[in-house]
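The primary structure of each chain is shown beneath.
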Amino acid sequence: MTLTLIVCDDHALFREGLTLLLNQQPGWRVLAQAAHGAEAVRLAAELQPDVVILDVAMPTMSGIDAASAIREVAERTRIVALSMYSDAHYRRAMTASGAAAYVLKNEASAELVEAIQAVLRGETYVSPSIVRVPLPTPERRADRDLGLLSERERAVLRLIVEGLRTREIADALGISAKTVETYRARLMLKLGVDNLAGLIRMALRAGLSPPG
């Protein structure tokens, strides 16, 4: 039986390299490549692959959001996360969104096949070297964490930093209060904080200023 896969990463050369690696495995076939999360969700719904390889940080839709969406449209598909980041909260976010494996990009060529084999056995997989990677300073972590956010999430976060309440944010952006609450919960998950004060501190550390 053929193992079918989709590779999603916003860097074309990296995608091509992964595709070549995976297609060299006996009985494995990459059905399609995606440049961002939204495209990966569409392809997963259409092709129903066995495995989707997802970059965590991408424009348009992050791997965190894409993983959640793929679980809705392709329930049997396993998800393997690829990331430059070793921080525990990224792994927790991807796990909460449905990823069964978390592989560092700089070790993908050596570990990706092993990670896929593990998830196919119903196991989880995390790059062994992650525990040896030093933690970033709060400022560096905050700056790169904001790179995971969509434009709308950034807009909500700016208004939170400005001090607006839920209803005021909803009115300013033309969305419902419930949607604002959903965005706030998603921001906390992505940024690895568990309260509003921590969310604001994270944004300020990264230099995210309120709207002018």
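A brief structural summary. (Residues numbered from 1 in each chain as written. Predicted model: local features only at pLDDT ≥ 70, side-chain atom pairs only at ≥ 80, totals over all residues. Heavy atoms only, no water.)

A short note on the nonpolar core
Within soluble globular proteins, side chains that are nonpolar generally end up buried alongside one another.
In step 1: Judged by nonpolar contacts, the single largest core of 28 residues is most densely connected at Leu54, Val56, Ile70, Met94 and Tyr102.
In step 2: Secondary structure elements with two or more residues in this core: strand E1 (3-8), strand E2 (28-34), helix H2 (37-47), strand E3 (51-55), helix H3 (63-73), strand E4 (78-83), helix H4 (88-97) and strand E5 (101-104).
In step 3: Residues in contact with Leu54, not counting those within four places in the same chain, are Cys8, Ala40, Gly63, Ala66, Ala67, Ile70, Ile79, Val80, Ala81 and Leu82.
In step 4: Core analysis: the second largest hydrophobic core is formed by 22 residues, Val51, Ala108, Leu112 and Ala118 among them. (Core = buried A, V, L, I, M, F, W, Y, C linked by side-chain atoms within 4.5 Å. Buried < 20%, exposed > 50% of the residue type's maximum accessible area, 1.4 Å probe, protein only. Helix = DSSP H or I, 4+ residues; strand = E, 2+ residues; numbered from the N terminus. Contact = heavy atoms within 4.5 Å.)

Section: the packing of aromatic side chains
In step 1: Here the structure, examined in full by the defined rule, presents zero aromatic pairs.
In step 2: Seen from the ring of Phe14, Lys105 lies directly overhead, with NZ or CZ sitting 4.9 Å from the centre. (Phe/Tyr/Trp six-rings, centres within 6.5 Å; stacked < 30°, edge-to-face > 60°. Lys NZ or Arg CZ within 6 Å of the ring centre and 35° of its normal.)

With respect to the side chain of Asp65
In step 1: Within the fold, Asp65 resides in helix H3.
In step 2: Excluding its chain neighbours within four sequence positions, the residues that come into contact with Asp65 are Glu153, Arg186 and Lys190.

What to know about the packing of helix H7 (residues 151-162) against helix H9 (residues 177-191)
In step 1: In contact at an axis separation of 10 Å, H7 and H9 are set at 100 degrees when each is read in the N-to-C sense. On the basis of the axis angle, H7 is roughly perpendicular to H9. On H9, the residues that touch Arg152, Glu153, Val156, Leu157 and Ile160 of H7 are Tyr183, Arg184, Arg186, Leu187, Lys190 and Leu191. (Axes fitted to C-alpha atoms, helices over the stretch in contact; angles between N-to-C directions. Parallel < 35°, antiparallel > 145°, perpendicular 65-115°, else oblique.)

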